[in-house]
Amino acid sequence: MIPKDEALRILHQAIPAPGHPERVDLTEALGRVLAEDAVADVDAPPFDRSAMDGYALRADDVAALPVELEVIGLVKAGDTFAGEVRPGTAVKIMTGAPVPAGYDSVQPIELCLPLGADRLRLEQAPARGANVARRGEDMREGEVVLPAGSALRALEIGMLSTLGQARPLVYPRPRVTVFATGDELIGPDEGRPGPGQIRESNGAMLTAQVLSLGLGISARFGGIVRDEVEATREAIETGLAGDVLILSGGVSMGDYDFVHHELKARGLEVLIEKVAIKPGKPLLFGRITKVDGSLLWVFGLPGNPVSSFSTFEIFVRPFLRGLMGCSGPHLLELPARLVEPMAGKAIKRTQHLPARLIFGAVGLEVRPVRWNGSGDLRGMMDANAFIIVPAGEAPPAQGATCRVIALEPDAFRLPRSNARAGS
Ligand code: AMP
Ligand code: MG
């Protein structure tokens, strides 16, 4: 059993360089990760641009009020002003149009008093430079605007459009296969559980957790695997077609826990085996070298639903992010004030306790949810965070600041109105 920090260090060190990049259309780039720096090929704005409909003028001409100016033309977005700018003049200008050289400010139309078509009276003056977006103030030609390793959200996709990058170079999508092991399991489509059986939750849940990383990754659920040597082998063979294999269950010490043994028989190089965390101690992580020399990354997650869920969030998610090529794949930990008393005692493992995190009056506040342990998915549903209780420490006292892991993507969702009573 190794400490959590040590396990995370091993995990981050194991993250390989992402595979061979490819080009995709911008409309298919959501969630992909940029494989090269995106550099500005133009200044933005490309010219001094009016931010308002109004009149372009010289601040020097309107220092003494009231004042009248001669209107010598009009410029709209997409045009340039061809005339000559002289002191004592103004040009009517539309939002997005280039401010003619010689003018430095724009007075919004509603603050001007036009006197016929070619004269203008001003009783208020704009501050020098007002309502003019300066050339290059957003970005300069040659500047790196998005570094390689940026995950592409809608904003980055808009930015790439601005940069003229219609087909950005992105990393490939890792292919993840998920299996749920257990003789007691039936699928959600297999009717009511018989004696000794339970409905399986982890296959679809873990697949969804992978898919929540976005379109930069692909996942498929391979089904339920019986606690038998042959079935376990078949699952591993299926996993070998992809880049990552996630197996839930079967990694503990039971008589029918074959996952370890069969993975090792298939050449698993174990990198992590048992971590000092609760829940999730039996966590297994390693890699298998395929016949073509490429690697299959393998996670064996404990089968209790909340153990599966939390070990995915704490270990698998950052690893997958790194595999996708994201820079800074680390988990987000935040300080928050514990606003309710918390039961429990110090143990030799780091505890991750389901909790609700909210923005309170003076910052982040966290309270534990009522929870019956790692089988209690329902209790976990009320949570949007884990309180971290370090190994060897008692739970924090009410009012103390503790560290929390905010769960994505709904970390700050409002409390559910149908939260279970007492939670
Ligand atoms: P295991 O890790 O296989 O020893 O399983 C630990 C506990 O989690 C047992 O009570 C299992 O019945 C339960 N469990 C295992 N896999 C799943 C699953 N896919 N869905 C729901 N419960 C599971
Ligand atoms: Mg099992």
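Up top is the structure.
Residues numbered from 1 in each chain as written. Chains lettered and ligands numbered in written order. Predicted model: local features only at pLDDT ≥ 70, side-chain atom pairs only at ≥ 80, totals over all residues. Heavy atoms only, no water.

A few words now on the packing of helix α3 (residues 202-211) against helix α6 (residues 305-323). Taken N-terminus to C-terminus, the directions of α3 and α6 make an angle of 25°; their axes are 10 Å apart at the nearest point. The angle between the axes of α3 and α6 places the two elements in the roughly parallel class. As for how α3 packs across α6, the hand of that crossing is right-handed. Contact residues: α3 offers Asn 202, Met 205, Leu 206, Gln 209 and Val 210, while α6 offers Pro 305, Ser 308, Phe 309, Phe 312, Glu 313, Arg 317 and Leu 320. (Axes fitted to C-alpha atoms, helices over the stretch in contact; angles between N-to-C directions. Helix = DSSP H or I, 4+ residues; strand = E, 2+ residues; numbered from the N terminus. Parallel < 35°, antiparallel > 145°, perpendicular 65-115°, else oblique. Left-handed = near helix turned anticlockwise from the far one by under 90°. Contact = heavy atoms within 4.5 Å.)

So, about the sheet that holds strand β4 (residues 54-57). If you walk across this open sheet you meet the 6 strands as β7-β4-β6-β5-β9-β8, and the pairing is mixed. At either margin of the open sheet sits one strand with a lone partner, and together these are β7 (105-108) and β8 (113-114). Here β8 runs beside strand β9 (residues 119-122); their pairing, made up of 2 bridges, is antiparallel. Paired with Leu 113 across the strands is Arg 121, a residue of β9. (Pairing = 2+ DSSP bridges.)

Let's shift gears to the sheet that holds strand β20 (residues 284-289). With respect to topology, 6 strands assemble into an open sheet ordered β16-β13-β17-β21-β20-β18, the strand pairing being mixed. In this open sheet, the two edge strands, each paired with only one partner strand, are β16 (218-225) and β18 (269-273). Going across the sheet, the axis of each strand differs from the next one's by a mean of 20°, ignoring polarity. For strand β17 (residues 244-248) and strand β21 (residues 295-301), the ladder comprises 5 bridges, and the chain directions are parallel. Within β21, the residue paired with Leu 247 across the bridge is Gly 300. Along the sheet, helix α1 (residues 4-14) makes contact with β18, β20 and β21, crossing β18 at roughly 145°. The sheet strands contacting α6 are β13 (175-181), β17, β20 and β21, and the helix crosses β21 at an angle near 165°.

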